[in-house]
Protein chains: 4
Amino acid sequence: MSKTMMAVVKAEAAPGAEVREVKVPDYGPAEVLVKVKVASICGTDLHIYEWDRWAQNRIHPPLIPGHEFCGEVVAYGKEVTSVREGDFVSAEMHVACGKCLLCRTGEAHICRNVKIIGVDADGAFADYVVIPETNICKLDPDIPQEYASILDPLGNAVHTVLAGEIAARTVAVTGCGPIGLFSIAVARAVGAAQVFAIEINEYRRKVAHQMKADFVLDPAKDDVVANVKEQTGGLGVDVVLEMAGHPDSIRTAFDIVRSGGRISLLCLTSRPVSLNFSEDIIFKGITVQGINGRRMFQTWFQMTALLKAGKLDLHPVITDRIALADFPKAMGRLKTGEASKILLYPNGSR
Amino acid sequence: MSKTMMAVVKAEAAPGAEVREVKVPDYGPAEVLVKVKVASICGTDLHIYEWDRWAQNRIHPPLIPGHEFCGEVVAYGKEVTSVREGDFVSAEMHVACGKCLLCRTGEAHICRNVKIIGVDADGAFADYVVIPETNICKLDPDIPQEYASILDPLGNAVHTVLAGEIAARTVAVTGCGPIGLFSIAVARAVGAAQVFAIEINEYRRKVAHQMKADFVLDPAKDDVVANVKEQTGGLGVDVVLEMAGHPDSIRTAFDIVRSGGRISLLCLTSRPVSLNFSEDIIFKGITVQGINGRRMFQTWFQMTALLKAGKLDLHPVITDRIALADFPKAMGRLKTGEASKILLYPNGSR
Amino acid sequence: MSKTMMAVVKAEAAPGAEVREVKVPDYGPAEVLVKVKVASICGTDLHIYEWDRWAQNRIHPPLIPGHEFCGEVVAYGKEVTSVREGDFVSAEMHVACGKCLLCRTGEAHICRNVKIIGVDADGAFADYVVIPETNICKLDPDIPQEYASILDPLGNAVHTVLAGEIAARTVAVTGCGPIGLFSIAVARAVGAAQVFAIEINEYRRKVAHQMKADFVLDPAKDDVVANVKEQTGGLGVDVVLEMAGHPDSIRTAFDIVRSGGRISLLCLTSRPVSLNFSEDIIFKGITVQGINGRRMFQTWFQMTALLKAGKLDLHPVITDRIALADFPKAMGRLKTGEASKILLYPNGSR
Amino acid sequence: MSKTMMAVVKAEAAPGAEVREVKVPDYGPAEVLVKVKVASICGTDLHIYEWDRWAQNRIHPPLIPGHEFCGEVVAYGKEVTSVREGDFVSAEMHVACGKCLLCRTGEAHICRNVKIIGVDADGAFADYVVIPETNICKLDPDIPQEYASILDPLGNAVHTVLAGEIAARTVAVTGCGPIGLFSIAVARAVGAAQVFAIEINEYRRKVAHQMKADFVLDPAKDDVVANVKEQTGGLGVDVVLEMAGHPDSIRTAFDIVRSGGRISLLCLTSRPVSLNFSEDIIFKGITVQGINGRRMFQTWFQMTALLKAGKLDLHPVITDRIALADFPKAMGRLKTGEASKILLYPNGSR
């Protein structure tokens, strides 16, 4: 095996990143070295690339970004027992501390000591990546590589959809970025009775149609509340999955959820939102949930079971396939707003 | 409207039943008179027809049997507000007392004072049937009449499948009578990852294939436990839906459920079953549930939402369509073991 | 039985109310006539008395207010089967429609067609009150009359406390009006590990101490967040029960709840509240619930079981006992802010 | 620190055990060495001592038994971060594999690869014991040492009681060995409305009274079903906690649970039990749960929170305090049937 590899490197505390040769990383006794087959790009990677305020506060260059990927086990430390060379794997990139109350009571996804590989440590935009055995997820070879690469955001969708009752329920997805689009597919796969997709961007609405949302609404033109009420016997939807992170979208969530319904909030928002607690929450007796990451590891078992069974068609969301060496080009595509999920291929991986 | 109607009448405390002209029933101030469009036959109706021991203890002739149907509202009492003439309806035929602790705490489906229309009072094998407003379920006209007729057993299936987590889970259905077959469809519609159908009768296994069970096993020939373990990584299934009511089938349920899984028991059995509580329940940490009837009225909203959304293809289960006047012929078909669900059509209803 | 009775009457669309002789009300075939033993006063009654904006919009005089009471059955209609003359009863005064989706799926407490006896129809500040059988709650004679009178607000507390896991959890009650004070007692009775009471009013803090809150904090002087964090290993509390309805109190709720915790909001607020959804809800992965009324009738069974078993000492909250004839005096006491729960006694009831 | 210590040693595959000097055990990089303050005796220890069939199949001498204890951290490996020297600790002695589906989805308590310290590896009947950091539970110094020693069986009780709704519910505990007795205290602490204790042994019934069970019944003399029905309005209890493991006791559990109730089975039984599934489970719509071990680590947080808050008085269950050196004497006491929980004290620990 070569001692060096190609990787996307955020070398400086400044905009941009470069693709260059670096040392293949070492692995410890409880760690696994994975040869990356496919990686994929998250909005977070664009923040790091563009070096926005969040990135300036969080990222310590040099860093290899990338936290969505799949690959093949090529080596591992002596304490590792759950994978073998050649195994097809992905990984939960949120490395929880394992020792706090939250980790010890099944809520590692909100561990306050979490480290994210690809954000706080070198990630998967490279030929190889090192993952602790605790976080490796061995995959069934029947799962397509393209889907195996996007389990991180798909897991966000699965976690959000399955955070409460969903079978036979009416569902609205507010915001149709990749996770919103995945949520449409997941909600349908687990028996949502009707799925409303609400999205202001025309391109994304088109993809929402391809994902087979029952109703696709444009808040700039359609009367969303009236439409939803009409289709739901005047009640509103049972479940809202908030995937836009915009105050208008959050406002809509509260307007269209029925009494007794749930709003599951995944998408972050930097702006404050004002609510009328009496009318918006208390009289209606609703439940509002903050959703973060993926349940470790229920969400992984759930999504891989759905994928293995062929219950999810995610192809409309995968819009670009680009060589890892062309990373800056991928960043450019993402900024057009007309790409959903972009896959990156290390040299020789295809 | 005519003052008389045709009905199946169990006239005597003896085997058999006749189709004859009787008075159209009166309705009270809180009751609804429904013109039957389609009725369907349950195993219970055969017990009544054949006058077995259960029937001898429970039934007080004369009785019009029939507790599965759909129809159209033709008249109603002065206190009724939730339906109008011409509405397409079915009904929950378990009339709970509404006043006991169970009824008052959301468990009316296990009310100990329940009366069943078609068993304890005149039912739907007739041109008209009277239903209390409390038990009427107004249906969306998009739901096919054939499906609207079989909501009672479909509701048993929906209640059982949704009595615990099901999305992305592996499921075994033990016993493929009509409710078992419906359960396959429902489990698939709400995202079960794999469905095993286990059935000793060849004809029923054929229908289980048509319902798209992932694996159909014959306990007389296949090693069920070995098959299930092989397909589930050695664990066993997450969920067993027991729909056979035979001691062997119940034994299989405990053998194939994984540690931490659930067994939901719907089908009654007249024979005692012996368990090793330590091995079968305690070490495995499983949950065993008794399931009865349909949740009032969550189950009704769930199944009608799934039907309206077109999530359930139940056609393979509907094997016979017979005029109400030919009721004895329908009984004969049912006894062959090669009929699943038989629909009955009152004169002029088709 | 006399044909007339004394009652508090809101006669005009103007401030005030008078105590006068009126006709004993008639009851229908499904209704129960109850002789009031004790009634008690809610903040709503003060709104009606003072004729504030809410009252002007909601109340249609003439009206007998009063929705907290207990009494004895003296007569009932011919359809009534669940109570007998002499039975000791109280009632759920929210009369739900019974026919909407929410009523039919166990969420009658958020029925949008609800009518409240004592607000939308004549209530219990009188010698007699009429209650539909559906809403009557028969009480064990072991429950003290004083407690039987306050089941409506106690039920709010029980509903809120038991709306999620509570045993062995740390709990904060923000706001110590009567329902907040009851919540302290209920939380302790069902095994809350620690109860923090947070209240700005000195008198109410004193009562919170009497209710045996483990920590009583004054947000005007104490650093509430620091205190809570110190006592909870830096995490914050597992559960916040919001009982103040003030934007500052709601802000505190979000500041002191731990990651993964729940905030249950009962108290209404007329002012908008601004949140940072990312920090306040999403990253922390919390659940926010709107709570309304009492679960029909789980809450009733829960609270009467706790009362019968002697698990709740509510005496510190009952501060005044006044004759019904002195109703205006009771209003004056309430306005002092130094009365918690005021009981009213119709003539001869003591 | 001395290099040797005193320990109870099961040296041979034969009845008995001896107290002798052995080497203080070594600890690995992720392990903690604990000086035992108090240990306590479980029925399992008697099985090992007497060398019954179960022991012959499971135990590989030489072995130091003992899986209930508390102590003080005296040393730890270099990877350990969550405890410090002098910390007061106990431990979950079921060491789960951490890698199987059950471990990864929050069900480590039913991991099929579990190893039990004190059964499969050297345990706590010694001056020192080695525990992996993953299984150490740091305790608040306010928790009494005597209670800290019995967290293993107390955790069984807490797990069983809190395996479903319990607040304001009626509860029966069938079998009043130490875990049954603890269950009475836990059920009361978390708001059970009434607790029935059912026990055939007179001595244990006496302790059940001391634990403040509301009703203590002797199945040899009392009509248990009639008594329970009379006190529960004819319904039966909401919850049965089965702690006897005898077929008669299990039969009673099914006879006294109400429709819609739960039976949580903890105690193992070597004999088969025959049920009428229709009458016992399905018509009644009950839930039957197998309970095993303690939830890792929710149960630990729950029980230590209850203990720290002083909610549990367990003193009546602690009947004997014996020096570790007198282990055979302790075995003799246990066999009398008049000891509940026996505490062992290593030399100098008191």
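Parameters and conventions
- Residues numbered from 1 in each chain as written.
- Chains lettered and ligands numbered in written order.
- Predicted model: local features only at pLDDT ≥ 70, side-chain atom pairs only at ≥ 80, totals over all residues.
- Heavy atoms only, no water.
- Contact = heavy atoms within 4.5 Å.
- Buried area = accessible area lost by both parts, 1.4 Å probe.
- Salt bridge = Lys/Arg side-chain N within 4 Å of Asp/Glu carboxyl O.
- Polar contact = N/O pair within 3.5 Å; in protein donor to acceptor, adjacent residues only side chain to side chain.
- Helix = DSSP H or I, 4+ residues; strand = E, 2+ residues; numbered from the N terminus.
- Nonpolar A, V, L, I, M, F, W, Y, C, P; charged D, E, K, R; others polar.
- pLDDT = per-residue confidence, 0-100.
- Least-squares fit on C-alpha atoms with pLDDT ≥ 70 in both.

1. A closer look at the interface of chain A and chain C
And step 1. Contact with chain A, which involves 35 residues of that partner, is made by 35 residues of chain C.
And step 2. Taken over both partners, the interface formed by chain A and chain C buries close to 3000 Å², and the fraction arising from carbon and sulfur atoms is 62%.
And step 3. For chain A, the biggest contributors to the area lost against chain C are Phe-277, Ile-282 and Phe-283 of chain A; these three give 21% of the whole.
And step 4. Where chain A packs against chain C, one counts 2 salt bridges.
And step 5. Glu-107 of chain A is paired through a salt bridge with Arg-258 of chain C; the nearest N and O atoms lie 3.6 Å apart.
And step 6. Across the chain A-chain C interface, the total number found is 10 residue pairs in polar contact (both at pLDDT 80 or more).
And step 7. Those elements that provide at least two residues to the side of chain A that touches chain C are α3 (101-104), α9 (247-256), β14 (257-265), β15 (273-275), α10 (277-282) and β16 (287-290) of chain A.
And step 8. Its residues placed into classes, the side of chain A that touches chain C shows 20 nonpolar, 11 polar and 4 charged.

2. A closer look at the confidence of the model for chain A
And step 1. Across chain A, the average pLDDT comes to 97, with 99% of residues at 70 or higher.
And step 2. For this predicted complex, the interface score ipTM comes out at 0.97, alongside a pTM of 0.98.

3. Structural notes on the interface of chain B and chain A
And step 1. Contact residues are listed per partner, giving 15 residues for chain B and 15 residues for chain A.
And step 2. At the boundary of chain B with chain A, total buried surface from both sides reaches about 1200 Å², with 55% on carbon and sulfur atoms.
And step 3. Broken down residue by residue, the surface that chain B buries against chain A is led by Ala-168, Ala-193 and Lys-311 of chain B, which jointly contribute 33%.
And step 4. Applying the counting criterion to the chain B and chain A interface returns 0 salt bridges.
And step 5. The set of elements that each furnish at least two residues to the side of chain B that touches chain A consists of α6 (178-189) and α11 (298-308) of chain B.

4. Details of the relation of the copies chain A and chain C
And step 1. Mapping chain A onto chain C leaves a residual RMSD of 0.0 Å; the transformation is a rotation of 180° accompanied by 0.0 Å of translation along its axis. Such a turn and shift between the copies fits a two-fold axis. Considering only C-alpha atoms, the part of chain A nearest the rotation axis is Ser-274 of chain A, at 2.0 Å.
And step 2. Of the residues that chain A buries at the interface, 100% are likewise interface residues in chain C, meaning the two copies contact each other through the same surface.

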